[in-house]
Amino acid sequence: MALNETEVLAGLTEIIVEETGIDAGDVALEKSFTDDLDIDSLSMMTIVAQAEDKFEVTIPDDEVKNLATVGDAVGFITKAQG
Amino acid sequence: MTRRDVVVTGLGATTPLGGDVPSTWQATLAGTPGARKMDNDWAEKYSIPVDFAATIAVKPSEVLAVPEIKRMDPSAQYAVIAAREAWQDAGAPEIDPTRLGTVVSSGIGGVWTLLNGWDTLRERGARRVLPMTVPMLMPNSPAAYVELEFGAQAGAHALVSACASGAEAIGYGVDMIRSGRADVVIAGGTEAAIHPMPIAAFAASRTLSTRNDDPAAASRPYDTARDGFVLGEGAGIVVLESAEHAAARGAKVYATLAGVGLSSDGYHITSPEPNGRGQISAMRDALADADIDLSAVRHLNAHATSTTVGDLIEARSVREVLGSVADQVALSATKSMTGHLLGGAGALETIFTVLALHERVAPPTINVSDPDPELTLDLVRDEPRRLDDGPLAAINNSFGFGGHNVALVVTRD
């Protein structure tokens, strides 16, 4: 069953927190992965791989560079669930 | 130029006997066996003839944050845990980062990460292989994570010489300080290879004890019934410091790392040269490097892994080097308690050697109910033994597959 944006955000936040140690409270839709959350490319690719697993979606490499903010990723994942 | 003396100002460890140095040392003095049945079905599932090991006492998940666990192979996790303790123990000195070095070795490297990655690739394909796999499995990963932890910029090194790695790392750290490249070096070794594949491989080479019915009694160096080593895991890290740097900041000094001796057998990939040629040479070089009177030697922490052949070759080498002085040397084989930490062993045993001098007490050797009649050295059995007052020197031996021999000499006033 497809998850809504709130549920995807909650799930993605869990992944980000586990990967980076950032406080869950700091993860919000408008936050930039690089500028606000200080997530490097290796961590980003790890987060992508785990999000693909968790939400059963595919996030192509070409798409990852368009995911600047947490909201971009939530939007993409929510849509990709179809 | 006067050579710079190198002192030990901090100790850190996580081992099968405890999550830090004080708990590990107390368990060692109490003669506690670290080997236990493994909490898994590997022996049955893979028909491995060994179902026990000296597993880590405090799991990293109890002390590290989740992202640290996910980003580091267990070998690096152990190293970072031990390095943090050592650094705090040294008083977390203020230091110019360009004068701080790290040397942290592993004998085997990130074998859990490598094999988990292989499993993932086969079962789930390339897209599921984690991007952090390479920086986690590379053998310099523990050295690099310790370097990052403290922002060290004088060099981060990972010397690899199998079971001599941890001692060689400390020897190299001494050289970095003596040569003027660094004032402080965080040095040691780590290993996390209690995975079914290495266990199967060591078992295939017939070097592991198969005493499944009594794991606590399996590691028994110099006992006539010894049948191989017990695989252990963990890390030992020391803070090495030039004597003048330590004095300038009023640091607590445990002992002096006075001598380093290195040699290679040039003989066989796994068997030690039967006459102990390389071992003798390493010990003699370390003693000469320390520039001490042989009669000051009162303690020796042996490599002694509990293998049939290796223990006696080392014992004969020690006798050859020390002659009659050997009769006043308290010999300890602490692998009887810790198991064999491979790349971590030489570093952990250096910590034991340093503490033995600092506290003037030689740790016991357990499980020696019937000493090999060929052993002519003074083995400390079952109970710790008090060492003399006055200046003391001790030797720590570490030897590794490949014919690597490392002897370190530790002294105190």
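Residues numbered from 1 in each chain as written. Chains lettered and ligands numbered in written order. Predicted model: local features only at pLDDT ≥ 70, side-chain atom pairs only at ≥ 80, totals over all residues. Heavy atoms only, no water.

### Looking at the overall build of chain A
We count it as follows: Helix numbering and strand numbering both begin at the N terminus, where a helix is a DSSP run of H or I of at least 4 residues and a strand a DSSP run of E of at least 2. For the radius of gyration, the atom set is restricted to C-alpha positions; the globular benchmark scales as 2.2 Å times the number of residues to the power 0.38. Exposure is judged per residue with a 1.4 Å probe applied to protein chains only, and the accessible area is read against the type maximum: over 50% gives exposed, under 20% gives buried, and values in between give partly exposed. In what follows, residue pairs with any heavy atoms lying within 4.5 Å of each other are defined as contacts. Charged-residue counts in this description rest on Lys and Arg as positive and Asp and Glu as negative, His and the chain ends being excluded. Charged groups are reduced to one reference atom each: NZ for lysine, CZ for arginine, CG for aspartic acid, CD for glutamic acid.
A count of helices and strands for chain A gives four helices and zero strands. In sequence order, chain A lays out its α and β elements as α-α-α-α. Taking 2.2 N^0.38 as the reference for a compact globule, 82 residues should give roughly 12 Å; the C-alpha atoms of chain A span a radius of gyration of 11 Å, in line with that estimate. Each principal axis of the C-alpha atoms in chain A carries an extent, and together these give about 30 × 25 × 20 Å. For chain A, the residues scored as buried account for 41% of the 82 residues in total. Pairs at least 24 residues apart make up 58% of the contacts formed inside chain A by residues separated by at least 6 positions. With 4 positive and 19 negative side-chain charges, chain A shows a spacing of 5 Å between the two charge centroids.

### Overview of the overall build of chain B
The criterion, for reference: Method for areas: the Shrake-Rupley scheme with a 1.4 Å probe, in which residue coverage is limited to the protein chains shown.
A count of helical and extended segments in chain B gives 14 helices and 15 strands. Computed over the C-alpha atoms, the radius of gyration of chain B is 20 Å, within 12% of the 22 Å expected from 2.2 N^0.38 for a compact globule of 413 residues. With respect to the three principal axes, the spread of C-alpha positions in chain B is 60 × 55 × 40 Å. Per-residue burial over chain B gives 60% buried out of 413 residues. In chain B, of all internal contacts separated by at least 6 residues, the share reaching a separation of at least 24 is 78%. Summing over all exposed atoms, chain B offers an accessible surface of approximately 15000 Å²; the carbon and sulfur share of this is 53%.

### Brief notes about the side chain of Ser 165 of chain B
All names here are of chain B. Checked against the element boundaries, Ser 165 lands in helix H8 (residues 165-178). By relative accessible area, Ser 165 is classed as buried at 0%. Here Ser 165 is in contact with Ser 105, Ser 106, Gly 107, Leu 159, Val 160 and Gly 343, once residues within four sequence places are set aside.

### Comments concerning the pairing of strand S6 (residues 184-191) of chain B
Residues and elements named next belong to chain B. The line we're drawing: In this scheme, strands are said to pair when DSSP sees at least two bridges between them.
Most of S6 is tucked away: eight of the eight residues are buried. Burial of S6 is two-sided: the residues Val 184, Ile 186, Gly 188 and Thr 190 facing one way and the residues Val 185, Ala 187, Gly 189 and Glu 191 facing the other way are all buried. Bridging between S6 and strand S7 (residues 234-242) involves eight bridges; their strand directions are antiparallel. By the bridge assignment for S7, Val 184 is matched with Glu 241.

### Notes on the packing of aromatic side chains
Residue and element names in this part refer to chain B. Put simply, the test is: Here is the rule: rings of Phe, Tyr and Trp (six-membered ring for Trp) pair when centre to centre is within 6.5 Å. Planes less than 30 degrees apart are stacked, more than 60 are edge-to-face, and the remainder are tilted.
By the definition in use, this model includes four aromatic pairs over all chains. Note on Trp 42 and Trp 112: the rings are 6.2 Å apart at their centroids and 50° apart in plane angle, and the pair reads as tilted. Here the residue Trp 42 occupies a position in helix H2 (residues 42-46), and Trp 112 occupies one in helix H5 (residues 111-124), the gap between them amounting to 70 residues.

### Notes on the interface of chain A and chain B
For clarity, the threshold we go by: Once two parts are put together, the accessible area they lose, assessed with a 1.4 Å probe and summed over both, is termed the buried area. We define a salt bridge as a side-chain nitrogen of Lys or Arg found within 4 Å of a carboxyl oxygen belonging to Asp or Glu. N or O atoms within 3.5 Å of each other form a polar contact, as long as, within protein, one can give a hydrogen and the other can take it, and as long as residues adjacent in sequence are counted only when both atoms are side-chain atoms.
At the interface, 17 residues of chain A touch 11 residues of chain B. Roughly 1200 Å² is buried in total at the junction of chain A and chain B, and carbon and sulfur atoms are behind 44% of that figure. Where chain A touches chain B, the interface holds eight salt bridges. Here Asp 40 of chain A and Arg 71 of chain B are joined by a salt bridge, their closest N and O atoms 3.5 Å apart. Connecting chain A to chain B are nine residue pairs in polar contact (both at pLDDT 80 or more). With eight residues, helix H2 (residues 41-55) of chain A is the single largest residue contributor to the side of chain A that touches chain B.

### What to know about the domain arrangement of chain B
Residues and elements named next belong to chain B. Quick reminder of the rule: All the domain ranges listed were derived from an automatic or database domain assignment.
According to the domain assignment, chain B consists of domain 1 (6-248) and domain 2 (260-412). Summarising the inter-unit geometry, the C-alpha centres of domain 1 and domain 2 are found 21 Å apart. Listed per partner, the contact involves 64 residues of domain 1 and 58 residues of domain 2. Carbon and sulfur atoms make up 68% of the area that domain 1 and domain 2 hide from each other, which totals about 4400 Å². Of all residues in domain 1, the largest losses of buried area upon contact with domain 2 belong to Trp 25, Tyr 222 and Arg 226, amounting jointly to 21% of the total for that side. Taken together, the connections running from domain 1 to domain 2 amount to three salt bridges. Asp 289 serves as the salt-bridge partner of Arg 178, at 2.9 Å between the closest nitrogen and oxygen. At the surface where domain 1 touches domain 2, the tally comes to 22 residue pairs in polar contact (both at pLDDT 80 or more). Ranked by the residues each element gives to the side of domain 1 that touches domain 2, the list is headed by H8, at eight residues.

### Digging into the sheet that holds strand S10 (residues 330-332) of chain B
Residues and elements named next belong to chain B. Rules: Where helices are involved, their axes are fitted lines through C-alpha atoms of the stretch in contact, as for all axes, and angles between N-to-C directions lie from 0 to 180°.
In spatial order, the strands read S5-S4-S6-S7-S1-S8-S15-S14-S9-S10-S12; together these 11 strands make up an open sheet with mixed pairing. Looking at strand neighbours, the two that pair on one side only are strand S5 (156-157) and strand S12 (378-379), the edges of this open sheet. In terms of strand pairing, strand S9 (residues 297-301) meets S10 through three bridges, oriented parallel. The residue of S10 that forms the bridge with Asn 301 is Ser 332. Sheet strands touched by helix H7 (residues 141-150): strand S4 (100-106), S5 and S6. Its angle to S4, the strand with the most contacts, is close to 150°.

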